[in-house]
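Understanding the architecture of this molecule
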There are 2 protein chains.
Amino acid sequence: MEFSSKLLERAVNEMSQLPGIGKRTALRLVLHMLKQPKNQTLALSEALQNMRNDIKFCKSCNNISDVDVCEICANPHRNEKIICVVEDIRDVMAIENTSSFKGLYHVLGGKISPMDGIGPHDLNIQTLVDKVKTGVVEELIFALSSTMEGDTTNFYIYKQIQDYKIKTSTIARGISVGDELEYADEITLGRSIVNRIPFETSLKS
Amino acid sequence: MEFSSKLLERAVNEMSQLPGIGKRTALRLVLHMLKQPKNQTLALSEALQNMRNDIKFCKSCNNISDVDVCEICANPHRNEKIICVVEDIRDVMAIENTSSFKGLYHVLGGKISPMDGIGPHDLNIQTLVDKVKTGVVEELIFALSSTMEGDTTNFYIYKQIQDYKIKTSTIARGISVGDELEYADEITLGRSIVNRIPFETSLKS
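Residues numbered from 1 in each chain as written. Chains lettered and ligands numbered in written order. Predicted model: local features only at pLDDT ≥ 70, side-chain atom pairs only at ≥ 80, totals over all residues. Heavy atoms only, no water.

For the pair chain B and chain A, the relating rotation is 180°, the translation along its axis is 0.0 Å, and the fit reaches an RMSD of 0.1 Å. These values place the two chain copies in the arrangement generated by a two-fold rotation axis. Closest approach to the rotation axis among the C-alpha atoms of chain B is made by Ser45 of chain B, whose C-alpha sits 2.2 Å away. Of all interface residues in chain B, 100% are interface residues in chain A too; the two copies therefore contact each other through one and the same surface. (Least-squares fit on C-alpha atoms with pLDDT ≥ 70 in both. Contact = heavy atoms within 4.5 Å.)

Here's what the structure looks like:
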């Protein structure tokens with residue numbers, strides 16, 4: 001692609017560094033900005049700058065936060081004995097939306113994935129183990145995605161903390177609410193039969 | 001969506017103002033930036049800021065440029081007697097890529113579209129008419145997209161300049177090179193038959 005302006009070219013190149021945004025999309029977005037009032041682009045630029053410069057990660061759970069300890073960890077009404085282990089902040093937001101969990105979180109920042117060069121030491125696993133060591137935690141809920149990397153990460157953490165005799169669980173895998181059985185994949189359907197729950201329990205949730 | 005950080009929320013909100021980018025995509029992009037080195041986000045932010053502050057539009061053709069008169073208009077080897085009328089800079093880039101046009105461009109900045117509140121006075125039509133009035137221009141090539149808005153814009157410009165007795169043409173509509181006839185739409189196929197060209201001419205192009 002040849003550009004008539006270096007300024008435009010640089011903006012397009014920088015935009016196209018983002019995942020899922022190619023040169024053409026970047027050009028479309030950048031030309032859109034040029035048609036909008038100037039202060040809109042400046043506001044975007046400033047918001048990105050401020051975010052990257054000033055954002056903090058919660059010292060306790062590694063969630064994104066504006067202060068040293070995030071709102072969830074700082075909330076005295078939440079149960080610090082149960083910790084839900086998740087991959088990133090989007091999972092925290094998704095679980096918070098359900099309003100069905102009142103414990104704390106621990107954000108790993110990814111999954112163990114040798115293919116992508118991500119080992120256990122690139123994730124916030126040690127801080128989780130340290131938290132377990134303090135003896136306050138009674139249960140860890142593994143809520144990573146159900147992939148090979150997720151399972152590997154779960155198992156790695158499990159091995160690290162198994163001496164501390166705390167309860168560990170993973171979120172249930174099964175047929176989504178509203179889904180037709182015939183379209184479910186075999187593994188999920190199989191697991192949902194093996195891990196069936198008493199009908200009375202299902203009435204309550 | 002509830003965010004654990006105002007800085008994050010603002011960045012996501014600003015990103016999601018861009019066309020085709022919803023809140024979820026914006027969050028994904030912003031979290032990606034947080035995982036990348038700091039200077040990458042700052043470079044993006046700076047590139048957008050510089051572009052919006054310093055970019056110029058060519059005084060002659062309205063193309064995006066870093067200087068007052070764009071490279072194409074300033075090039076003495078280009079034929080100033082033929083002007084190709086296009087909608088935006090992406091069309092200039094597309095035509096330049098074909099290397100088959102050696103005249104100058106005139107970028108309108110859009111099409112007449114009453115539905116979107118865009119009238120002739122919102123576009124750079126007057127400057128084109130003024131250019132024709134000087135008597136230098138011998139031919140206008142209309143290269144707008146073949147939609148109702150494009151046709152309206154072509155016709156509007158045509159009415160404005162018809163007293164000056166210059167040649168006007170539109171780019172050819174027809175079956176794309178490599179396309180199967182059976183999948184072509186009726187109007188395109190019909191036009192390609194009405195506007196058929198001598199076989200000898202087609203051999204040369």
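From this point, the discussion proceeds with the structure in view.
Here the focus is the domain arrangement of chain A. Assigned domains of chain A: these are domain 1 (6-54) and domain 2 (68-171). Summarising the inter-unit geometry, the C-alpha centres of domain 1 of chain A and domain 2 of chain A are found 34 Å apart. (Domains from an automatic or database assignment.)

Counting 42 residues, the largest nonpolar core has Leu8, Met15 and Leu18 of chain A together with Leu8, Met15 and Leu18 of chain B as its most contacted members. With residues near it in sequence (within four places) discarded, Leu8 of chain A still touches Phe3, Leu27, Val30, Leu31 and Leu34 of chain A together with Met51, Ile55, Ile64 and Ile89 of chain B. (Core = buried A, V, L, I, M, F, W, Y, C linked by side-chain atoms within 4.5 Å. Buried < 20%, exposed > 50% of the residue type's maximum accessible area, 1.4 Å probe, protein only.)

Picture the strands of a sheet paired through backbone hydrogen bonds; they go either parallel or antiparallel. All names here are of chain A. Reading across from one edge, β4-β3-β5-β6 is the order of the 4 strands in this open sheet, with parallel pairing throughout. If you trace the sheet from one side to the other, it starts and ends with β4 (103-107) and β6 (167-170), each paired once. Averaged over all pairs of adjacent strands, the angle between strand axes in this sheet comes to 25°, irrespective of strand direction. Where strand β5 (residues 139-142) and β6 come together, 4 bridges link them in parallel fashion. What sits directly across from Phe142, in β6, is Thr170. Where helix α5 (residues 89-98) meets the sheet, its contacts fall on β3 (79-86) and β4, and the angle it forms with β4 comes to roughly 160°. Sheet strands touched by helix α7 (residues 148-161): β3, β5 and β6. Its angle to β5, the strand with the most contacts, is close to 165°. (Pairing = 2+ DSSP bridges. Helix = DSSP H or I, 4+ residues; strand = E, 2+ residues; numbered from the N terminus. Axes fitted to C-alpha atoms, helices over the stretch in contact; angles between N-to-C directions.)

A separate point is helix α2 (residues 23-35) of chain A. Across its 13 residues, α2 of chain A extends 18 Å between first and last C-alpha, which sits within 8% of the 18 Å expected from 1.5 Å per residue. When α2 of chain A is considered as a whole, its buried residues turn out to be Ala26, Leu27, Leu29, Val30, Leu31, Met33 and Leu34 of chain A. As for α2 of chain A, its buried residues are in contact with α1 (6-15) and α3 (38-54) of chain A together with α3 (38-54), β2 (64-65) and α5 (89-98) of chain B. (Expected span 1.5 Å × (residues − 1).)

A few words now on the sheet that holds strand β4 (residues 103-107) of chain B. All names here are of chain B. Spatial strand order, β4-β3-β5-β6: 4 strands in an open sheet with parallel pairing. At either margin of the open sheet sits one strand with a lone partner, and together these are β4 and β6 (167-170). Strand-to-strand twist in this sheet, taken as the mean axis angle between neighbours without regard to direction, amounts to 25°. On the sheet, α5 packs against β3 (79-86) and β4 and is oriented at approximately 160° with respect to β4. In this fold helix α6 (residues 125-133) packs onto β3, β4 and β5 (139-142), with an angle of close to 145° to the strand it touches most, β4.

This part is about the side chain of Ser113 of chain B. Summarising the element assignment, Ser113 of chain B is placed in the loop between β4 and α6. Ser113 of chain B sits in the buried class, given a relative accessible area of 4%.

Of note in the backbone geometry, Lys165 of chain A takes a positive phi value of approximately 50° without being a glycine. Mapping Lys165 of chain A onto the fold places it in the loop between α7 and β6.

The next point concerns the interface of chain B and chain A. Of the residues lining the interface, 53 residues belong to chain B; the matching set on chain A comes to 53 residues. Between chain B and chain A the total buried area reaches about 5400 Å² when both faces are included, carbon and sulfur atoms providing 67% of it. Its largest share of buried area at the contact with chain A, chain B owes to Leu7, Leu34 and Arg52 of chain B, together 13% of the area lost on that side. For the pair chain B and chain A, the interface holds 0 salt bridges. Our count for the contact surface shared by chain B and chain A stands at 14 residue pairs in polar contact (both at pLDDT 80 or more). Those elements that place two or more of their residues in the side of chain B that touches chain A are α1 (6-15), α2 (23-35), α3, β2 and α5 of chain B. Residue contributions to the side of chain B that touches chain A peak at 16 residues, all from α3 of chain B. Of the residues contributing to the side of chain B that touches chain A, the split by class is 26 nonpolar, 14 polar and 13 charged. (Buried area = accessible area lost by both parts, 1.4 Å probe. Salt bridge = Lys/Arg side-chain N within 4 Å of Asp/Glu carboxyl O. Polar contact = N/O pair within 3.5 Å; in protein donor to acceptor, adjacent residues only side chain to side chain. Nonpolar A, V, L, I, M, F, W, Y, C, P; charged D, E, K, R; others polar.)

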